Amino acid sequence: MGFLTRWLESLDYDYKILPHCSRYKSPHSTCTECIDHCPKEAIQLQNGKPVIHTADCIDCGKCVASCPVQAVEGFLPKRSIIHKQYIIDSYNTPTLKELLVYYKKGITTIICPEKYRNAAWEEMLEQVNQLLIKLGEEPFTVSEEQLPFPHHESMTRRELLFTWERELKQFAKKMTPAKWRFNHESLDVAKHYPDYQFVYIYLDKSKCTLCKACQMLCPKSCLQINETNFTLVAQRCSNCLLCQDICPEHAISLKKMISPATTEKQPIYTKECSCCENPYQTTNEIQQLCVACQKKQQFSSSIIEQSIDFMKEGSSWQI
Ligand code: SF4
Ligand code: SF4
Ligand code: SF4
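Our subject in this report is the structure included herewith. What you are looking at is a predicted structure, and each value in this text was computed from that prediction instead of being measured.

**Let's talk about the overall build of the chain**
Piece 1. Along the chain, the regular secondary structure elements total 11 helices and 16 strands.
Piece 2. Here the chain, with 319 residues, has 39% of them falling under the buried criterion.
Piece 3. Pairs at least 24 apart in sequence give 66% of the contacts found in the chain among residues at least 6 apart.
Piece 4. Looking at the chain as shown, the accessible area adds up to about 19500 Å², and 55% of this sits on carbon and sulfur atoms.

Here it is as structure tokens:
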């Protein structure tokens, strides 16, 4: 490969953190996915935001694949695909997310020579196959050597001519390994499995104050609040944790699990506050106070508790 080609290719690998990174959107974000997956500790937090130190980066693309909101811009390393068989040809083996996307692109066989196998790769393969079974798919076929191309036992003349024509068109591709590359935008796994959700979003109706912070920050529009309902569309959720991190009432929690895609609608009630008599909205069927009166009540109770504690401490000193 010439110097110019190598230089042009290296431009692809200029990984960059995009402004829609969860940590750029909120200082409450706890996401560390890109940092945790970098094998060279080339990503570090500066003022709470991830920064890539290019001198330490080895262009493995693990950060690109791990980001739940596709906020690490860049291309993944080239992968060799021959006749729908994914040939592992380096120690930089693909990530779980990548394999799930390849599977949906029709690549169901992985050729992995002995020298590239190791415990981490085997474990990841086991994990991806378990996920595929939960997603109602057949697991990957794994082999050490390239499998022969399928051929038909008997065909009509028309079928034969059609097959020759098609195979001629693909001849070049078969002779030379096709180099597949994904960029960050290709790795939204949920888009490739529309019948399933990968996360369960739990809303604690007794805590939510309908402040809409989660709705405003969710990058996948999973949380929608209108006059009558709080709708949770978990199918689109990428488990970025932002809603859980920023909810001031700790009313949202997330659990990684695969299940058929469902849209949940929680009713929103319009009521009159029993204290200030102003109208207000809530997801809590039994709550009788508006948010402002609830906060006032909580504040008064905490002052009373503190006074009691103070008096108890005072009396123990007298003893
Ligand atoms: S994984 Fe993505 S969202 Fe999380 S800190 Fe890194 S760039 Fe930001
Ligand atoms: S779940 Fe939390 S962030 Fe979302 S509207 Fe309710 S209180 Fe606000
Ligand atoms: S629902 Fe929460 S975890 Fe899922 S994508 Fe939206 S903000 Fe991220």
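The structure having been displayed, the exposition proceeds.
**Notes on the site of ligand 3**
Piece 1. Taken together, 13 residues lie around ligand 3, and C218, C237, C240, L241 and C243 are the ones closest in.
Piece 2. For the shell around ligand 3, a count of residues per class yields 10 nonpolar, 2 polar and 1 charged.

**Some remarks on the packing of aromatic side chains**
Piece 1. Taken as a whole and judged by the stated rule, the model has 4 aromatic pairs.
Piece 2. For the pair Y193 and F198, a centre-to-centre distance of 6.1 Å together with 75° between the ring planes defines the contact as edge-to-face. Considered together, Y193 and F198 belong to a single accessibility category, that of buried residues.
Piece 3. A cation over a ring is seen here: K49 above Y24, with NZ or CZ 5.2 Å from the ring centre.

**Focus on the side chain of S22**
Piece 1. As for its position among the elements, S22 is in helix 2 (residues 22-25).
Piece 2. Assessed through its relative accessible area of 3%, S22 is described here as buried.
Piece 3. Leaving out residues up to four positions away in the same chain, S22 has contacts with S29, V69, C240 and L242.

**Some remarks on the site of ligand 2**
Piece 1. Taken together, 13 residues surround ligand 2, and among them C208, C211, K212, C214 and C247 come closest.
Piece 2. Residues that form the shell around ligand 2 fall into these classes: 10 nonpolar, 1 polar and 2 charged.

**Concerning the sheet that holds strand 14 (residues 263-267)**
Piece 1. Pairing is antiparallel in the open sheet, where 3 strands are placed in the order 11-12-14. Taken across any chain shown, the strands that pair with only one partner, and hence form the sheet edges, are strand 11 (223-225) and strand 14. Strand-to-strand twist of the sheet, defined as the mean angle between neighbouring strand axes without regard to direction, takes the value 15°.
Piece 2. In this structure, strand 12 (residues 229-233) lies alongside strand 14, joined through 5 bridges in antiparallel fashion. Within the sheet, the bridge partner assigned to F230 lies in strand 14 and is Q266.

**Description of the side chain of T231**
Piece 1. You can see T231 is positioned in strand 12.
Piece 2. In this structure T231 comes out as buried when scored by relative accessible area, which is 6%.
Piece 3. There is a polar contact of 3.5 Å between the side chain of T231 and the side chain of K265.
Piece 4. Once you skip the residues sitting within four places of it in the chain, T231 turns out to touch C222, L223, Q224, T263, E264 and K265.

**Points about helix 6 (residues 119-134)**
Piece 1. When the terminal C-alpha atoms of helix 6 are compared, their 23 Å separation across 16 residues agrees well with the 22 Å that a helix rising 1.5 Å per residue should span.
Piece 2. Among all positions of helix 6, only W121, M124, L125, V128, N129, L131 and L132 are buried. Down the axis, helix 6 shows its buried residues gathered within 160° of arc, on one side only. Turned more than 90 degrees away from the buried face of helix 6 sit A119, E123 and K134, all of them exposed.
Piece 3. One side-chain oxygen of the residue at the start of helix 6 lies 3.2 Å from the amide nitrogen of A120, identifying that residue as N118.
Piece 4. Two residues or fewer past helix 6, G136 is found with a positive phi of approximately 75°.

Here is what the cut-offs are and how they apply
Residue numbering note: each chain is counted from 1, following its sequence as written. Chains and ligands are labelled by the order in which they are written, letters from A for the one and numbers from 1 for the other. Only residues with pLDDT of 70 or above have their local features reported here, since the model is predicted, and side-chain atom pairs are shown and tallied only from 80 upward, although totals for entire chains, interfaces and linings are computed over all residues. Neither water nor hydrogens contribute to the side-chain values; these are computed over all heavy atoms in the structure. Runs of E in the DSSP output that reach at least two residues are strands. Runs of H or I that reach at least four are helices, and both are numbered from the N terminus. Any residue under 20% of the maximum accessible area for its type is buried, any over 50% is exposed, and the rest in between are partly exposed; the area is computed with a 1.4 Å probe on protein chains only. Throughout, a contact is declared for two residues whenever any of their heavy atoms are within 4.5 Å. Residue burial considers only the protein chains on display, and all accessible areas are found by Shrake-Rupley using a 1.4 Å probe. Any residue with a heavy atom positioned within 4 Å of a molecule or strand is treated as near that molecule or strand. Three classes are used, and their members are as follows: Ala, Val, Leu, Ile, Met, Phe, Trp, Tyr, Cys and Pro are nonpolar, Asp, Glu, Lys and Arg are charged, and the others, Gly among them, are polar. Pairing of aromatic rings covers Phe, Tyr and the six-membered ring of Trp, with a centre-to-centre limit of 6.5 Å; geometry is then stacked below 30 degrees between planes, edge-to-face above 60, and tilted otherwise. Distance and angle both matter: a charge sits over a ring if NZ of Lys or CZ of Arg is within 6 Å of the ring centre and within 35 degrees of the ring normal. At least two bridges found by DSSP between two strands are what make those strands a pair. All axes here are fitted lines through C-alpha atoms, helices being fitted over the stretch that makes contact, and every angle between N-to-C directions spans 0 to 180 degrees. For this analysis, a polar contact is any N or O atom pair within 3.5 Å, provided that within protein one partner can donate a hydrogen and the other can accept it, and provided that sequence-adjacent residues contribute only side-chain to side-chain pairs. Here the expected span of a helix is defined as 1.5 Å times the quantity of residues minus one. Throughout, the arc means that of the directions going from the helix axis to the C-beta atoms.

Purely spatial values, then, with no claim about function.
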